[in-house]
Amino acid sequence: MKQEMMTIKSQRQLAPRIFEMVLAGELVNEMKQPGQFLHIKAPRADLLLRRPISLNQIDPVKQTCTIIYRTEGDGTKAFAQLKAGDKLDVMGPLGNGFDLSGLKSGDTAFVVGGGIGVPPLYELSKRLIEKNIQVVHFLGFASKEVIYYAAEFQALGKTRFATDDGTFGLQGNVGNLLLAEKQQPDAVFACGNNGLLKTVEQLYPQLDNIQLSLESRMACGMGACYACVVHLADDETGLKSAKVCEDGPVFKAGKVVF
Ligand SMILES: Cc1cc2nc3c(=O)[nH]c(=O)nc-3n(C[C@H](O)[C@H](O)[C@H](O)COP(=O)(O)OP(=O)(O)OC[C@H]3O[C@@H](n4cnc5c(N)ncnc54)[C@H](O)[C@@H]3O)c2cc1C
Ligand code: FES
């Protein structure tokens with residue numbers, strides 16, 4: 001983990017409240033694993049806590065990385081004001097991302113995401129395809145209007161969409177999409193809200209390789225402050241915990257309580 005003033009190469013709006021930002025800097029050389037995140041200082045002196053944002057793409061040749069974020073509060077709104085050429089104070093890469101080592105050529109992986117959980121799945125999917133793994137994407141959004149990266153995912157492989165209001169793809173959530181799927185996966189990778197993650201966990205009770213990317217409120221982002229703890233599932237005392245920032249954000253299904 002390092003810190004750098006990275007340079008913004010570009011910023012564009014993809015959908016209402018959704019922005020894609022490309023950053024350049026030497027920090028990219030450290031970025032190896034999909035599912036890791038950056039801890040980014042908002043460009044406002046009064047906002048002290050960094051904001052955790054997932055890596056969406058890593059390009060070691062161009063020495064750039066891409067993030068996709070949704071404006072929520074002051075921090076992300078401040079990100080959205082920035083322009084190409086501006087600098088951003090970035091710490092990272094942080095956390096344990098998705099582990100592809102349990103998969104072999106020809107295996108099938110389901111890549112499941114909802115809303116603002118979709119960005120880290122793009123780099124993941126690219127890496128899976130490089131390993132000759134058959135990828136099927138299951139992406140859920142609130143409505144057609146807020147869908148982003150549809151063409152990008154479709155260019156990588158089979159992609160099924162669900163929207164809550166039925167304006168694009170299947171009406172319902174990704175759970176409905178997964179239920180409609182006949183094929184059986186060798187692994188499932190998911191990122192989204194806790195409801196989505198729980199559905200994934202419940203739908204594949206026999207599957208050993210399910211990896212879930214969790215979100216939690218963070219402060220330090222590197223394991224020192226305990227702001228982001230979750231309890232371990234197999235601990236009857238309820239005293240043992242894991243830190244989402246350091247031990248996660250990706251955990252094997254069944255490992256932690258969320
Ligand atoms: C590992 C990880 C990866 C993430 N990846 C993305 C991503 O790729 N794209 C994206 O849009 N969002 C992502 N988020 C959520 C993002 O961090 C929050 O939306 C963002 O921090 C909100 O900041 P704000 O200043 O706009 O809002 P505020 O509500 O003003 O934030 C105040 C404080 O709460 C923290 N906070 C608020 N919401 C969250 C949240 N949902 N998760 C964690 N901390 C939060 C902020 O870090 C900050 O310290 C990720 C969160 C985590 C934990
Ligand atoms: S945010 Fe400080 S320990 Fe995780």
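Residues numbered from 1 in each chain as written. Chains lettered and ligands numbered in written order. Predicted model: local features only at pLDDT ≥ 70, side-chain atom pairs only at ≥ 80, totals over all residues. Heavy atoms only, no water.

A. Seen up close, the nonpolar core. The biggest cluster of nonpolar side chains holds 29 residues, and the ones touching the most others in it are Phe 110, Val 112, Val 200 and Leu 214. Residue assignment for this core shows that the elements contributing at least two residues are strand S7 (87-94), strand S8 (108-114), strand S9 (134-141), helix H4 (174-180), strand S12 (187-191), helix H5 (194-203) and strand S13 (210-213). Ignoring sequence-local partners within four residues, the contact set of Phe 110 consists of Val 136, Phe 138, Leu 178, Glu 181, Gln 183, Pro 185, Ala 187, Val 188, Phe 189 and Tyr 204. Formed by 27 residues, the second largest nonpolar core is a distinct cluster that contains Ala 15, Leu 100, Phe 141 and Phe 153. (Core = buried A, V, L, I, M, F, W, Y, C linked by side-chain atoms within 4.5 Å. Buried < 20%, exposed > 50% of the residue type's maximum accessible area, 1.4 Å probe, protein only. Helix = DSSP H or I, 4+ residues; strand = E, 2+ residues; numbered from the N terminus. Contact = heavy atoms within 4.5 Å.)

B. The arrangement of the pattern of salt bridges in detail. Across all of its chains, the model carries 12 salt bridges by this definition. Among the ionic pairs, Arg 44 bridges to Asp 46, the shortest N-O distance being 2.6 Å. Arg 160 is the partner of Glu 181 in a salt bridge, and the nearest nitrogen-oxygen pair spans 2.9 Å. Of this pair, Glu 181 sits in the loop between H4 and S12 while Arg 160 sits in strand S10 (residues 158-163), and the two are 21 residues apart along the sequence. Judged by relative accessible area, which is 28%, Arg 160 ranks as partly exposed. Taken together, the salt bridges that share partners define one network made up of Arg 17, Arg 70 and Glu 72. (Salt bridge = Lys/Arg side-chain N within 4 Å of Asp/Glu carboxyl O.)

C. The sheet that holds strand S6 (residues 64-70), seen in detail. On the basis of which strands lie adjacent, the open sheet formed by seven strands has the order S4-S3-S7-S1-S2-S6-S5 and antiparallel pairing. The open sheet has two edge strands with one neighbour each: strand S4 (51-54) and strand S5 (57-59). Here the strands of the sheet are splayed against their neighbours by 35° on average, with no regard to which way each runs. Note that strand S1 (residues 2-15) and S7 share six bridges and pair antiparallel. Within the sheet, the bridge partner assigned to Glu 4 lies in S7 and is Val 90. (Pairing = 2+ DSSP bridges. Axes fitted to C-alpha atoms, helices over the stretch in contact; angles between N-to-C directions.)

D. Spotlight on the site of ligand 1. Among the 21 residues in the neighbourhood of ligand 1, the closest are listed as Arg 51, Pro 52, Gly 73, Thr 76 and Glu 215. Starting from 820 Å² of accessible surface for ligand 1 in isolation, the protein chains cover 85%. If you map ligand 1 onto the pockets, it falls in the largest pocket. For the shell around ligand 1, the secondary-structure elements that each account for two or more residues are S4, S6 and helix H1 (74-80). With four residues, S4 is the single largest residue contributor to the shell around ligand 1. (Near = heavy atom within 4 Å. Areas by Shrake-Rupley, 256 points an atom, 1.4 Å probe, with all protein chains shown as cover. 1 Å grid on protein atoms, 1.4 Å probe; cavity = no way out; pocket = protein on both sides within 12 Å on 5 of 7 lines; lining within 4 Å. Sits in = over half its atoms within 2 Å of the grid points.)

E. Representation of the layout of surface pockets within the structure. One number sums up the size of the largest pocket: a volume of about 1,300 Å³. Pro 52, Arg 70, Glu 72, Ile 116 and Glu 215 are the residues nearest the centre of the largest pocket, which is lined by 48 residues in total. Among the elements of the structure, S4, S6, H1, helix H2 (119-130), S9, H4 and H5 are those that each provide at least two residues to the lining of the largest pocket. Grouping the constituent residues of the lining of the largest pocket by class yields 22 nonpolar, 17 polar and nine charged. Empty space within the second largest pocket amounts to approximately 200 Å³. (Points joined across faces, edges and corners; volume = space filled by probe spheres on them. Nonpolar A, V, L, I, M, F, W, Y, C, P; charged D, E, K, R; others polar.)

F. Fine view of the pairing of S1. Taken together, the seven bridges between S1 and strand S2 (residues 18-24) define a ladder with antiparallel strand orientation. Bridge pairing in S2 places Gln 11 opposite Met 21. Between S1 and S2, which pair antiparallel in sequence order, lie two residues; one of them, Arg 17, sits at a positive phi of approximately 70°.

G. Representation of the packing of aromatic side chains within the structure. Taken as a whole and judged by the stated rule, the model has nine aromatic pairs. Ring geometry for Phe 141 and Tyr 148: centres 5.4 Å apart, planes at 80°, overall edge-to-face. For Phe 141, a relative accessible area of 3% translates into the label buried. Between Phe 161 and Phe 168 the ring centres are 5.2 Å apart and the planes differ by 70°, which places this aromatic pair in the edge-to-face class. Taking the relative accessible area as the measure of exposure, Phe 161 reaches 6% and is therefore buried. Here the aromatic residues Phe 19, Tyr 69 and Phe 79 are joined through ring pairs into a cluster of three or more. (Phe/Tyr/Trp six-rings, centres within 6.5 Å; stacked < 30°, edge-to-face > 60°.)

H. Representation of the environment of Ile 53 in the model. Relative to the helices and strands, Ile 53 resides in strand S4. Expressed as a C-alpha distance, the spacing of Ile 53 and Leu 94, which sit 41 residues apart in the sequence, is 10.0 Å. In this structure, Ile 53 is in contact with Phe 37, Leu 38, Ile 40, Ile 67, Ile 68, Tyr 69 and Phe 79, ignoring residues within four places of it in sequence.

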